[in-house]
Amino acid sequence: MADHSQFRLLRERRFLPFFLTQFSGAFNDNLYKNALLLLVTYTTGSLLGLSTDVVVNLAAFLFILPFFLFSAIAGQIADKYEKSMVIRRVKLLEIAIMAVAAAGLWMGWYEVLLLLLFLMGTQSAFFGPVKYAILPEVLKDDELVGGNALVEMGTFVAILLGTLAAGLIMAGGEPQRVAAVGVVVMAVVGYLVARKVPTTPIGDAGLKVRFNPLRETWRLMGMARENHSVLLSIMAISWFWFLGAAYLTQFPNFAQKELLGDESVVTLLLAIFTVGIALGSTLCERLSGHRVELGIVPIGSLGLSLFGVDIYLNMPEASVPVDWWALLSDWDYLRIALDLLGIGLFGGLFIVPLYAFVQQETPEPKRARVIAALNVFNALFMVVSALLGVVMLGLIGLSIPEFFLVLSIMNLIVAGFVYQQVPEFALRFVIWLLSHTVYRVRHQGLHNIPEEGPVLLVCNHVSYMDALVIAGAVRRPVRFVMDYRIFKTPVLGAFFRLAKTIPIGSRNRVPDIYNQAFERIDEELDAGHVVCIFPEGKLTQDGDIDTFRSGVEVILQRRPVPVVPMALRGLWGSFFSHCGGPAFSHWPRRFWSRIELRASAPVAPQQASADALYQQVLELRGDRA
């Protein structure tokens, strides 16, 4: 049996070298950064006459500043040149930076080391766009979520291990020299594995790289705004980094002041949060069915808030100091640990589909620059996160659990705004819930639906759930044509309007609605979209397929496009069908339905008469209603 787990990618050359390159870079960044801060804290106590607290914030600023200055240039370079070559050049730059850093660590030139954080941030800013832009070029569509999940998991595990390694080095002998050797070795390892990253097609060779940071950054923002759904997804990703930075920044003080924990508690909190991110990221592929599934993003955002609120509501009365064992053995403390695990897990569910969606929906010639815009927004949101922490905890005087509560409430507000602006999130969420609870859907032949270009789907009409089942199964967004009277139903009507469903009615009774429907259908097909119609014109009353009406022929006369016949099996007898009486008026024969959706090869518009399509759908459906 074929291995469909995303972990199989770790055995393939088209992905493994890139994964190891990303992992080694994230590990080295955190090894160097944390080793430097620990050396300053425990060896000198100050730097440039500044206190340790100021040095820590200055270091964070110097590392993040290059993302504002150089992301635009990095995106242009990644779109213009072959991406594996760009990766190798960036890793060579890392070796040069770490060689100077090693000398600084060996000799104790801490002022120089602080400035090198700026160069490290520059190297990371140039690696960011090419890192995510290369994935759609080396992975198949059904591997994109799994690949992003592994990258996110690897990044957070590398952050954790780099932080732990810095602590272990500080606890040993001659930490400066051990750290100096470590950062150079990891930089060399990163370059060596980067040499194995497969070659990708050359980008937009005609693109002119402009080196005006402010003007080009503004142009990036304009490019990100070209697709409203992508822009809102970018905002949502940056919001995750806003939350993540807020939590990670507060871990040391949260452990020390709120839990009265020692250093081991800080490490364990970071480890639990990281494991949660890794679990959520890897769980994404299983929940999404190997495709970009926006339906699990609202689940992630809801979990982020619920577990954040739970921390506030269930803070233990920390009257005595605790260590890592107490965090795992005492239920009051264990609950806090589980809450952090939940925040990490649902954070992974939240962010992985969004990254994959941005990659999939952005045209390849502009993909790296859109990712660069994403990196600018991420950096901006993390800076705002730090400022909010200063205001809430310092000026207003909130406790850290109260700050977590504020973040959880803000998250619900932001999520509500995003889902209101991009209805596809809410739509996919409902579809995902239905397809993973009430219905178990088997698919057959859906590969016959073209991946791009206009196409007309025709299907038998069994229940009010037909459109949702089809929408959940077909990878492309589908515009459904449905009886206008369904829009008068309070819940379903609002939902189908959200889904951009096209209302249609009788030519004799409502000629305006009838004519407008065919105009809308033609517009959608002209735009290259997928349109689905139910040619019976109404739900079946007896489980059999009724005669197909001539509307399908009218559509094809106006706009000749391929037609894919489809058939639903197993929905007759559900609460939403007319089996045993009008829909919604009787108990269903079963609550957990195993249903099938079958599709056959596309039919040329010249051969797609109503009668011919009726016969094909009848054969697909078989004797199971």
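Sequence order as written defines the numbering, with residues in each chain counted from 1. Selection of residues for local features in this predicted model requires a pLDDT of at least 70, selection of side-chain atom pairs for listing and counting requires 80 or more, and totals for whole chains, interfaces and linings are taken over all residues. To get the side-chain values, all heavy atoms of the structure are used, and hydrogens and water are removed first.

Novice: Which parts of the structure should I look at to understand a negative patch on the surface?
Specialist: Negative charge collects at one region of the surface, where Asp 141, Asp 142, Glu 451 and Glu 452 lie side by side. The helix count covers DSSP runs of H or I at least four residues long, the strand count covers runs of E at least two residues long, and both are numbered beginning at the N terminus. Mapped onto the secondary structure, Glu 452 falls in the loop between β1 (439–444) and β2 (455–459). Throughout this description, buried means an accessible area under 20% of the type-specific maximum (1.4 Å probe, protein chains only), exposed means over 50%, and partly exposed covers the range between. With relative accessibility at 67%, the residue Glu 452 sits in the exposed group. Like charges are joined within 9 Å and nonpolar side chains (Val, Leu, Ile, Met, Phe, Trp, Tyr) within 5 Å, but only among residues with over 30% relative accessible area and no salt bridge; these make up the patches. Working definition of accessibility: Shrake-Rupley area with a 1.4 Å probe, residue cover restricted to the visible protein chains. In the sections that follow, a salt bridge refers to a side-chain nitrogen of Lys or Arg positioned within 4 Å of a carboxyl oxygen of Asp or Glu. Counting rule applied: Lys, Arg positive; Asp, Glu negative; His and chain ends not counted. Positions of charges follow a simple convention, taking NZ of Lys, CZ of Arg, CG of Asp or CD of Glu.

Novice: Would you take a moment to explain the state of the cysteines for this structure?
Specialist: Disulfide: a covalent bond formed between the sulfur atoms of two cysteine residues. Sulfur atoms of two cysteines make up a disulfide when they are within 2.5 Å. This model, assessed by the stated rule, comprises zero disulfides. The thiol of Cys 459 is not disulfide-bonded; the next cysteine sulfur, from Cys 532, is found 5.9 Å away. Cys 459 gets classed as buried once you look at its relative accessible area, which sits at 0%. Between Cys 579, a free cysteine, and Cys 459, which holds the nearest cysteine sulfur, the sulfur-to-sulfur gap is 18 Å. For Cys 579, a relative accessible area of 13% gives the class buried.

Novice: Quick question: what am I supposed to make of the nonpolar core here?
Specialist: If you look at soluble globular proteins, the nonpolar side chains tend to sit buried side by side. One finds Phe 15, Leu 269, Leu 327 and Leu 407 to be the most contacted residues of the largest nonpolar core, which totals 102 residues. Per-element tally for this core: the top contributor is helix α9 (residues 228–258), with 16 residues. Discounting chain neighbours no more than four positions away, the residues touching Leu 407 are Trp 239, Phe 242, Leu 243, Ala 246, Tyr 247 and Leu 388. Residues grouped as a nonpolar core are buried Ala, Val, Leu, Ile, Met, Phe, Trp, Tyr and Cys residues, joined through side-chain atoms within 4.5 Å. Judged by nonpolar contacts, the second largest core, of 38 residues, contains Cys 459, Phe 487, Ala 499 and Ala 599. Residues are treated as being in contact if the distance between any of their heavy atoms lies within 4.5 Å.

Novice: Can you help me understand the side chain of Thr 540 in this one?
Specialist: By secondary structure assignment, the location of Thr 540 is in the loop between β5 (530–533) and α20 (551–558). Reaching out from Thr 540, the side chain makes a polar contact with the backbone oxygen of Asp 544 at a distance of 2.6 Å. Those residues in contact with Thr 540, other than ones at most four positions away along the chain, are His 461, Val 462, Asp 546, Trp 572 and His 578. Think of a polar contact as two N or O atoms within 3.5 Å of one another; within protein, one of them needs to be a possible hydrogen donor and the other a possible acceptor, and neighboring residues in sequence only count if both atoms come from side chains.

Novice: Looking at this structure, I do not really get the environment of Ser 71. What am I missing?
Specialist: For Ser 71, the position within the fold is in helix α2 (residues 52–80). Sequence separation of Ser 71 and Thr 122 is 51 residues, and the distance between their C-alpha atoms is 8.6 Å. In this structure Ser 71 touches Pro 66, Ala 125, Pro 129, Leu 220, Ala 372, Asn 375 and Val 376, once residues within four positions along its chain are discounted.

Novice: Explain the pairing of β5 to me, please; I cannot follow it from the model alone.
Specialist: Within a regular beta strand, the side chains point alternately toward one face of the sheet and then the other, so they alternate between its two faces. Here β5 shows a buried face lined by Val 530 and Cys 532 and a second buried face lined by Val 531 and Ile 533. Any two strands are treated as partners once DSSP identifies two or more bridges connecting them. In the sheet, β2 pairs with β5 via four bridges, with the strands oriented parallel. Pairing of Leu 456 across the sheet is with Val 531, part of β5. Bridging between strand β3 (residues 478–483) and β5 involves four bridges; their strand directions are parallel.

Novice: Whenever I open this one, unusual backbone geometry confuses me. Can you help?
Specialist: Note on backbone geometry: most residues besides glycine have negative phi, and most peptide bonds are trans. Even without a glycine there, the phi angle at Leu 260 is positive, about 55°. Structurally, Leu 260 can be placed in the loop between α9 and α10 (263–288). Judged by its relative accessible area of 29%, Leu 260 is partly exposed.

Novice: I keep staring at the packing of helix α11 (residues 297–313) against helix α15 (residues 400–421) and nothing clicks. Help me out?
Specialist: The relative placement of two packed helices is expressed as an angle between their axes plus a distance between the axes. Interhelical geometry of α11 versus α15 gives an angle of 160° and a closest axis separation of 8 Å. Taken together, the axis directions place α11 and α15 in an arrangement best described as roughly antiparallel. Crossing of α11 over α15 shows left-handed handedness. Of the residues in α15, those in contact with Val 297, Pro 298, Ser 301, Leu 302, Leu 304, Ser 305, Gly 308, Val 309, Ile 311 and Tyr 312 of α11 are Pro 401, Glu 402, Phe 404, Leu 405, Ser 408, Asn 411, Leu 412, Ala 415 and Tyr 419. Each residue is assigned to one class: nonpolar for Ala, Val, Leu, Ile, Met, Phe, Trp, Tyr, Cys and Pro, charged for Asp, Glu, Lys and Arg, and polar for all the others, Gly among them. The class makeup of the residues in the contact of α11 with α15 is 13 nonpolar, five polar and one charged. Orientation is described by lines fitted to C-alpha atoms, with helices fitted over the stretch in contact, and by angles between N-to-C directions that extend from 0 to 180 degrees. Here roughly perpendicular refers to angles of 65 to 115 degrees, roughly parallel to angles under 35, roughly antiparallel to angles over 145, and oblique to all remaining angles. Helix crossings are classified by the rotation of the near helix relative to the far one: an anticlockwise turn of less than a right angle makes the crossing left-handed, while a clockwise turn makes it right-handed.

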